[in-house]
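What the coordinates show
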Amino acid sequence: QVQLEESGGGLVQAGGSLRLACPASGRTISSFAMGWFRQAPGKEREFVARISWSGGSAYYADSVKGRFTISKDNAKNTVYLQMNSLKPEDTAVYYCAAPERAYTTYTTEPGYTYWGQGTQVTVSS
């Protein structure tokens, strides 16, 4: 069973930065793509970013492109989301996710099987 646990959320002023971390247990992530999603109050969960299983490519939602960076450290079995130039509209619960299948990269939510419990990010104006 794969377990994911996000950390690093908090309260930050607009323009600030946060780095989210998501260590995985139960499997090594070196052969798996990883993704970040978020859910704002009253809204559906949405895609934020994903990184390919090799770590060689990343893909971002238009709303975060140029401000957020996803990365993974296979040695630490951890995926990260560096968030810069934060805006109030980035306020949400952020989730990391992992797929069931190795060597396959997914961008949409149905491709992901395992989810963390989420970490709250609040950006004040």
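Structural notes, computed from the coordinates. (Residues numbered from 1 in each chain as written. Predicted model: local features only at pLDDT ≥ 70, side-chain atom pairs only at ≥ 80, totals over all residues. Heavy atoms only, no water.)

1. Notes on the overall build of the protein
What counts is decided by this rule: A run of H or I in DSSP becomes a helix once it reaches four residues, and a run of E becomes a strand once it reaches two; helices and strands are each numbered from the N terminus. All radius of gyration figures rest on C-alpha atoms, and the globule criterion is 2.2 Å times the number of residues raised to 0.38. Accessibility here uses a 1.4 Å probe with only protein chains present; expressed as a share of the type maximum, an area under 20% marks a residue as buried, one over 50% as exposed, and anything in between as partly exposed. In what follows, a contact means two residues having at least one pair of non-hydrogen atoms within 4.5 Å. We count Lys and Arg on the positive side and Asp and Glu on the negative side, and we leave His and both chain ends out. To locate a charge, take atom NZ for lysine, CZ for arginine, CG for aspartate or CD for glutamate.
Within the protein, the secondary structure is distributed over 0 helices and 11 strands. Put simply, the protein runs from its N terminus to its C terminus through helices and strands in the order β-β-β-β-β-β-β-β-β-β-β. Relative to the 2.2 N^0.38 estimate, which gives 14 Å for 125 residues, the radius of gyration of the protein is 13 Å and therefore close to what a compact globule would have. Expressed as lengths along the three principal axes of its C-alpha atoms, the size of the protein is roughly 40 × 25 × 25 Å. Counting over 125 residues, the protein shows a buried share of 47%. Counting contacts in the protein only where the partners sit at least 6 residues apart, residues at least 24 apart contribute 59% of the total. Computed over 12 positive and 10 negative side-chain charges, the separation of the two mean positions in the protein equals 5 Å.

2. Regarding the packing of aromatic side chains
Rules: Planes of paired rings set the category: under 30 degrees apart is stacked, over 60 is edge-to-face and the rest tilted, where pairs are Phe, Tyr or Trp rings (Trp by its six-membered ring) whose centres lie within 6.5 Å. By definition, being over a ring means that NZ of Lys or CZ of Arg is both within 6 Å of the ring centre and within 35 degrees of the ring normal.
Inspection of every chain in the model, using the stated rule, returns 7 aromatic pairs. Consider the rings of Trp53 and Tyr103, whose centres lie 4.8 Å apart with planes at 85°: the pair is edge-to-face. Residue Trp53 is found in the loop between strand S5 (46–51) and strand S6 (58–60), and its partner Tyr103 is found in the loop between strand S9 (92–98) and strand S10 (114–115); the two are separated by 50 residues along the sequence. With a relative accessible area of 54%, Tyr103 lands in the exposed category. Through successive ring pairs, a cluster of aromatic residues spans Phe37, Phe47, Tyr59, Tyr106, Tyr112 and Trp115. The side chain of Arg27 reaches across the aromatic face of Phe32, ending 3.5 Å from its centre. Directly above the aromatic system of Tyr95 lies the positively charged group of Arg45, at a separation of 5.0 Å from the ring centroid.

3. So, unusual backbone geometry
Within the chain, Ser85 stands out as a residue other than glycine whose phi angle is a positive 50°. Here Tyr103, not a glycine, exhibits a phi torsion of approximately 55°, which is positive.

4. Observations concerning the nonpolar core
Note the following rule: For this analysis, a nonpolar core means a set of buried residues of the types Ala, Val, Leu, Ile, Met, Phe, Trp, Tyr and Cys, connected via side-chain atoms within 4.5 Å.
Core analysis: the biggest nonpolar cluster contains 35 residues, and Leu4, Trp36, Leu81, Met83 and Tyr94 have the highest contact counts within it. The set of elements that each furnish at least two residues to this core consists of strand S3 (18–25), strand S4 (34–39), S5, strand S7 (68–73), strand S8 (78–83), S9 and strand S11 (119–124). Top element by residues in this core is S9. It accounts for 5 residues. Beyond its immediate chain neighbours, meaning those up to four positions away, Tyr94 contacts Glu6, Leu20, Trp36, Phe37, Arg38, Val48, Phe68, Leu81, Met83, Gly118, Thr119 and Val121.

5. Observations concerning the environment of Ser7
Its location among the elements puts Ser7 in the loop between strand S1 (3–4) and strand S2 (10–13). Ser7 gets classed as partly exposed once you look at its relative accessible area, which sits at 36%. Linking Ser7 and Ala21, residues 14 residues apart in sequence, is a C-alpha distance of 5.3 Å. Setting aside chain neighbours within four positions, we find Ser7 in contact with Arg19, Leu20, Ala21 and Thr119.

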